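# Overview (structure and organization)
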Amino acid sequence: MNYDIKTTELAPTGKQRIDWANRFMPVLDSIRARFENERPLEGLRIAACLHVTTETANLMKTLKAGGAEAVVCASNPLSTQDDVAASLVVDEKIGVFAIDGVDTDTYYKHIDAALDMQPAITMDDGADLVSRLHSEETNPSLIEQVVAGTEETTTGVIRLRSMAAEGVLRYPIIAVNDADTKHFFDNRYGTGQSTLDGIIRATNLLIAGTTVVVAGYGWCGRGVASRARGLGANVIVTEVNPLRALEAVMDGFRVMPMLEAVQEADLIVTLTGDIHVLRKEHFEVMKDGTIIANSGHFDVEIDIPMLGKLSVDKGSARPYVDVYTLADGRKLYLIGEGRLVNLAAAEGHPASVMDMSFANQALSVEYIAKNRDSFENRVYDVPKSIDEAVAQLKLQAFGIEIDTLTAEQEEYLNSWEMGT
Ligand code: NAI
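To start, this report covers the structure provided alongside it. (Residues numbered from 1 in each chain as written. Predicted model: local features only at pLDDT ≥ 70, side-chain atom pairs only at ≥ 80, totals over all residues. Heavy atoms only, no water.)

Right, let's get into the overall build of the protein. Within the protein, the regular secondary structure consists of 18 helices and 15 strands. Here the protein has a C-alpha radius of gyration of 22 Å; the compact-globule value for 420 residues is 22 Å, and the two agree. For the protein, the spread of C-alpha atoms along the three principal axes comes to 65 × 65 × 45 Å. Here the protein, with 420 residues, has 54% of them falling under the buried criterion. At a minimum sequence separation of 6, the contacts of the protein that also span at least 24 residues come to 71%. Only carbon and sulfur atoms are counted for the fraction: they give 50% of the accessible area of the protein, which is about 18,700 Å². Charge-centre separation for the protein: the mean point of 38 positive side chains lies 3 Å from the mean point of 62 negative side chains. (Helix = DSSP H or I, 4+ residues; strand = E, 2+ residues; numbered from the N terminus. Rg over C-alpha atoms; globule rule 2.2 N^0.38 Å. Buried < 20%, exposed > 50% of the residue type's maximum accessible area, 1.4 Å probe, protein only. Contact = heavy atoms within 4.5 Å. Areas by Shrake-Rupley, 256 points an atom, 1.4 Å probe, with all protein chains shown as cover. Lys, Arg positive; Asp, Glu negative; His and termini not counted. Charge placed at Lys NZ, Arg CZ, Asp CG, Glu CD.)

The end-to-end C-alpha separation of helix α8 (residues 154-165) is 16 Å, in line with the 16 Å expected for 12 residues at 1.5 Å each. If you check which residues of α8 are buried, you get Thr155, Gly156, Val157, Leu160 and Met163. Where α8 ends, the next residue or the one after it, Gly167, has phi of about 75°, a positive value. (Expected span 1.5 Å × (residues − 1).)

Below, the discussion takes up the packing of helix α16 (residues 351-370) against helix α17 (residues 384-398). The interhelical angle for the contact between α16 and α17, taken along N-to-C directions, is 140°, at an axis separation of 10 Å. With respect to each other, α16 and α17 are oriented oblique. When you trace α16 past α17, the crossing you get is right-handed. Contacts from Ser352, Asp355, Met356, Ala359, Asn360, Leu363, Ser364 and Tyr367 in α16 reach Ile386, Asp387, Val390, Lys394 and Phe398 in α17. Its residues assigned to classes, the contact of α16 with α17 shows 7 nonpolar, 3 polar and 3 charged. (Axes fitted to C-alpha atoms, helices over the stretch in contact; angles between N-to-C directions. Parallel < 35°, antiparallel > 145°, perpendicular 65-115°, else oblique. Left-handed = near helix turned anticlockwise from the far one by under 90°. Nonpolar A, V, L, I, M, F, W, Y, C, P; charged D, E, K, R; others polar.)

We now examine the packing of helix α9 (residues 180-203) against helix α10 (residues 219-230). Any two packed helices are characterised by the angle at which their axes cross and by the distance between the axes. The interhelical angle for the contact between α9 and α10, taken along N-to-C directions, is 45°, at an axis separation of 7 Å. Classified by the interaxial angle, the pair formed by α9 and α10 is oblique. Of the two elements, α9 crosses α10, and the hand of that crossing is right-handed. Contacts between α9 and α10 involve His183, Phe184, Asn187, Arg188, Tyr189, Thr191, Gly192, Gln193, Thr195 and Leu196 from the first element and Trp219, Cys220, Gly223, Val224, Arg227 and Ala228 from the second. Considering only residue class, the contact of α9 with α10 consists of 7 nonpolar, 7 polar and 2 charged.

Further remarks concern the sheet that holds strand β3 (residues 95-97). Backbone-to-backbone hydrogen bonds join strands into a sheet, with any given pair of strands oriented parallel or antiparallel. Here 7 strands make up an open sheet; going across it, the order is β3-β2-β1-β4-β5-β6-β15 and the pairing parallel. For this open sheet the edge positions go to β3 and β15 (379-381), each flanked by a neighbour on one side alone. Across the sheet, the mean angle separating the axes of adjacent strands is 20° when strand polarity is ignored. Contacts from helix α5 (residues 104-115) reach β1 (45-50), β2 (69-74) and β3, with the element oriented near 170° to β2. (Pairing = 2+ DSSP bridges.)

Turning our eyes to something else, we now look at α16. Taking 1.5 Å of rise per residue, 20 residues should cover 28 Å, and α16 covers 28 Å from first to last C-alpha, within 8% of that figure. Counting buried positions over the 20 residues of α16 gives 17, a clear majority of the element.

Moving on: the pairing of strand β13 (residues 321-326). Of all 6 residues in β13, 6 are buried; the element is thus mostly enclosed. Sheet topology places strand β12 (residues 311-318) next to β13; 6 bridges connect them, and they run antiparallel. Each residue of the ladder has a partner; that of Lys314, found in β13, is Tyr324. If you look at the hairpin formed by β12 and β13, you'll find 2 residues sitting between the two strands, and Tyr320 has a positive phi there, around 70°.

This brings us to the side chain of Thr56. Assignment of secondary structure puts Thr56 in helix α3 (residues 54-65). In this structure Thr56 comes out as buried when scored by relative accessible area, which is 1%. Among the polar contacts made by the side chain of Thr56, one reaches the main-chain carbonyl oxygen of His51 at a distance of 2.6 Å. (Polar contact = N/O pair within 3.5 Å; in protein donor to acceptor, adjacent residues only side chain to side chain.)

Another aspect to go through is the sheet that holds strand β8 (residues 234-238). Strand order across the open sheet formed by 8 strands is β9-β8-β7-β10-β11-β14-β13-β12, with mixed pairing between neighbours. Two strands bound the open sheet, and with one partner strand each, they are β9 (254-255) and β12. Sheet analysis places strand β10 (residues 267-270) next to strand β11 (residues 291-294), joined by 4 bridges and oriented parallel. For Ile268, the partnering residue across the bridge sits in β11 and is Ile292.

Time to look at the nonpolar core. Ranked by size, the top nonpolar core spans 55 residues in total, and within it Leu41, Leu63 and Val96 carry the most contacts. With residues up to four places along the chain from it excluded, the contact list for Leu63 reads Leu41, Ile46, Ala68, Ala70, Met123 and Val365. Counting residues in hydrophobic clusters, the runner-up holds 27 residues, among them Val71, Phe97, Tyr107 and Ile173. (Core = buried A, V, L, I, M, F, W, Y, C linked by side-chain atoms within 4.5 Å.)

Honestly, that's just the spatial picture; any functional story needs more than this.
Listed below in structure tokens is the structure:
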């Protein structure tokens, strides 16, 4: 078994933490039990490029329980939990290529190492495996072996849809992000809580009474804005989409252009999936002491090279916090090098929400295995039946029952003739 991890010595801590996460992942746990019996993934080679966290470890265990040969590499250089990587290698005999804090070169070497196993299925969080397989540098025979892939996040799905639209996508993808039981919950409640968790762990900031600017009022932004308000912040939202901006207004937030918002901000968080949301003109008018973080997928939302250019000094203020001193003496604090702050400075999403996201991943892989010959090279939604099954199982795990339609109600809802 090939692997490249920091050390195997951390395996006991990793195992303890993976087991703890599993307590909050009852849906995935029930899928794992079924997979153990039915072995629907027997002999399938799966390469996953995900944040190497306790929740991912439970997904990898599930794929293995289903009979797959699975390996995992990191989907972000700063998100790997080295103890989890150790336990996957030592306790589960799963190949891991991930070390926290690697440079870009090693990051891509790890992706290539995962692809060396010649996967039939790729599982991405940000389309790294797909991009690598489509690049000219990669052995062209590798992509021939791939049956299909899955994609975990908004930014990845957007990229894959543009590849499909241009006719260059060479194998089918299931957009796990777009399942309702994924983005309604993971992006909103998961990112909402864990982004603030990362910021608080990194800074020990009291959120109450601060002015927090949230850039982007999508699924993630809604979550962060509502959680920040819950902690007592005065929240300002910035948007480029009039509908989303209007929604933020009616949800009770102030909405204004970023150039105005930054002048009031104590803390700014970007969650747009866009580039240079914070740039030169914004750095120039930020208050002394402003804290900046990003929780969107790539580290491009804040123009960090420009921040560097405007600064006369850069240092470390505390772990995960860099301080940039501008020519006029103002200090700006950047958390987690502008990478996903919830994963860089905290543990990522809580397990309970990843339970649903990764249940969708596991069931989508099973769906691919069962229907492997029926796909075209495009981006597919997760089948509605999977989405509904995940919601049903999660409710069951919470011990919550809901009503079912009576025969009369079914007839009424399906009929246009019954007007009264
Ligand atoms: P979304 O598409 O629902 O929302 C993005 C919003 O940003 C949209 O409303 C868009 O109009 C707005 N926007 C775009 N450019 C903007 C700009 N220049 N200024 C202000 N607003 C702008 O996407 P979602 O699901 O909220 O995801 C956002 C990002 O977070 C993506 O990169 C996604 O991959 C990532 N993500 C991060 C997670 C984490 O663990 N931190 C978890 C899930 C997603």
